[in-house]
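Listed below are the residues making up each chain.
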Amino acid sequence: MEENKEKNIVNKTVIITGGSRGIGAEIVNLLAKEGYNIVLNYNKSEAKAKQIQEKLLQENIKIEIFKADVSKREEVKKLIKYTLEKFKTIDILINNAGISGQKLFTEITDEEWNTMLNTNLNSVFYCSQEALKEMINKKQGCIINISSIWGITGGSCEVAYSAAKAGINGLTKALAKEVGLSNIRVNAIAPGIIETEMNSQLTEQEKNEIKEEIPLNKIGKPSDIAKCVKWLIEDTYTTGQIISINGGWYI
Ligand code: NAP
């Protein structure tokens, strides 16, 4: 079994989907430094995934990276198989991979709708179902889904995204009830606006206008979400919750 040498205080294996950039990359870095065995999943950003791996290696921390399009069941199966081959177990699954898209509802094509739902919601179904086979056997596990404020409030011109994220919230609550007796906790984090490439289309003026609507008057950082992920992993009594981290944007 491959384990981190630097700070081997935990012997737990984590899969982070969409770990190559943004929030996922921050979660990878934080948990790797805490000594978790990491499988960083990426799809298109191979160079970025390798960069994270190499940077951590310079600090004597070894992580695994694995390319898989998590919107496809067959690729998710390969991700799970790879993880079990490397680390023999899956303790924690972070369903973070996601895409966004702004469009008038009346103009969304079937293809765009399906891509959004497959990437943001079906991926959570596939990854959770495949990982749960191992977790239920072990009677231990933790699943954290990265949802969104729009899954709670709905976002204008983001109907498909909002529907997918609301789906994640329903899945989180229902699954938490179903697998609680197997000692598996399922929670979601619903970020407000976080400084990542997902918001790169926003102008400075648009960002300032959004900040004015936020009581804490700032845009969140990926580390704001990563810290909550770490807390949820370490916690033992929280399940079925959708935790809003949004600077007070929606209370
Ligand atoms: P980001 O910077 O655009 O990164 C998205 C990540 O998802 C990338 O690592 C990307 O990997 C991965 N991904 C996309 N499609 C994938 C697929 N089919 N298979 C595997 N990986 C895939 O976005 P982010 O802001 O970090 O977002 C992370 C999560 O937070 C998403 O679920 C997003 O909806 C949620 N969120 C973000 C915000 C925000 O304001 N940023 C707010 C609320 C919720 P590759 O590049 O390798 O393809």
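Reading guide: rules and limits
- Residues numbered from 1 in each chain as written.
- Predicted model: local features only at pLDDT ≥ 70, side-chain atom pairs only at ≥ 80, totals over all residues.
- Heavy atoms only, no water.
- Patch = residues over 30% accessible without salt bridge, like charges linked within 9 Å, V, L, I, M, F, W, Y side chains within 5 Å.
- Areas by Shrake-Rupley, 256 points an atom, 1.4 Å probe, with all protein chains shown as cover.
- Salt bridge = Lys/Arg side-chain N within 4 Å of Asp/Glu carboxyl O.
- Lys, Arg positive; Asp, Glu negative; His and termini not counted.
- Charge placed at Lys NZ, Arg CZ, Asp CG, Glu CD.
- Helix = DSSP H or I, 4+ residues; strand = E, 2+ residues; numbered from the N terminus.
- Phe/Tyr/Trp six-rings, centres within 6.5 Å; stacked < 30°, edge-to-face > 60°.
- Lys NZ or Arg CZ within 6 Å of the ring centre and 35° of its normal.
- Core = buried A, V, L, I, M, F, W, Y, C linked by side-chain atoms within 4.5 Å.
- Buried < 20%, exposed > 50% of the residue type's maximum accessible area, 1.4 Å probe, protein only.
- Contact = heavy atoms within 4.5 Å.
- Axes fitted to C-alpha atoms, helices over the stretch in contact; angles between N-to-C directions.
- Parallel < 35°, antiparallel > 145°, perpendicular 65-115°, else oblique.
- Left-handed = near helix turned anticlockwise from the far one by under 90°.
- Nonpolar A, V, L, I, M, F, W, Y, C, P; charged D, E, K, R; others polar.

### A closer look at a negative patch on the surface
Turning to step 1, where the next piece is worked out: Judged by side-chain charge, E206, E209, E212 and E213 come together as a negatively charged surface patch.
Turning to step 2, where the next piece is worked out: As for its placement among the helices and strands, E213 is situated in helix α7 (residues 204-213).

### Topic: the packing of aromatic side chains
Turning to step 1, where the next piece is worked out: For the structure shown, the criterion picks out three aromatic pairs.
Turning to step 2, where the next piece is worked out: Both rings, one in F125 and one in Y126, keep their centres 5.6 Å apart while their planes meet at 40°; by these two values the pair is tilted.
Turning to step 3, where the next piece is worked out: Above the ring of F125, the side-chain terminus of R73 is found at 5.1 Å from the ring centroid.

### A closer look at the nonpolar core
Turning to step 1, where the next piece is worked out: Judged by nonpolar contacts, the single largest core of 31 residues is most densely connected at L31, I38, I63, I94, I144, V229 and I233.
Turning to step 2, where the next piece is worked out: For this core, the secondary-structure elements that each account for two or more residues are β1 (13-16), α1 (22-33), β2 (37-42), α2 (46-58), β4 (92-95), β5 (141-146) and α8 (222-234).
Turning to step 3, where the next piece is worked out: Residue contacts for L31: discarding those within four places in its chain leaves V14, I16, Y36, I38, V229, K230 and I233.
Turning to step 4, where the next piece is worked out: Core analysis: the second largest hydrophobic core is formed by 24 residues, V70, M135, I143 and V179 among them.

### Points about the packing of α1 against α8
Turning to step 1, where the next piece is worked out: At a closest axis distance of 8 Å, the pairing of α1 and α8 adopts a crossing angle of 50°. With respect to α8, the axis of α1 lies oblique. Pair α1 / α8 crosses with right-handed handedness. In this structure, α1 contributes G22, I23, E26, I27, L30 and L31 to the contact, and α8 contributes P222, S223, I225, A226, K227, V229, K230 and I233.
Turning to step 2, where the next piece is worked out: Split by residue class, the contact of α1 with α8 holds nine nonpolar, two polar and three charged.

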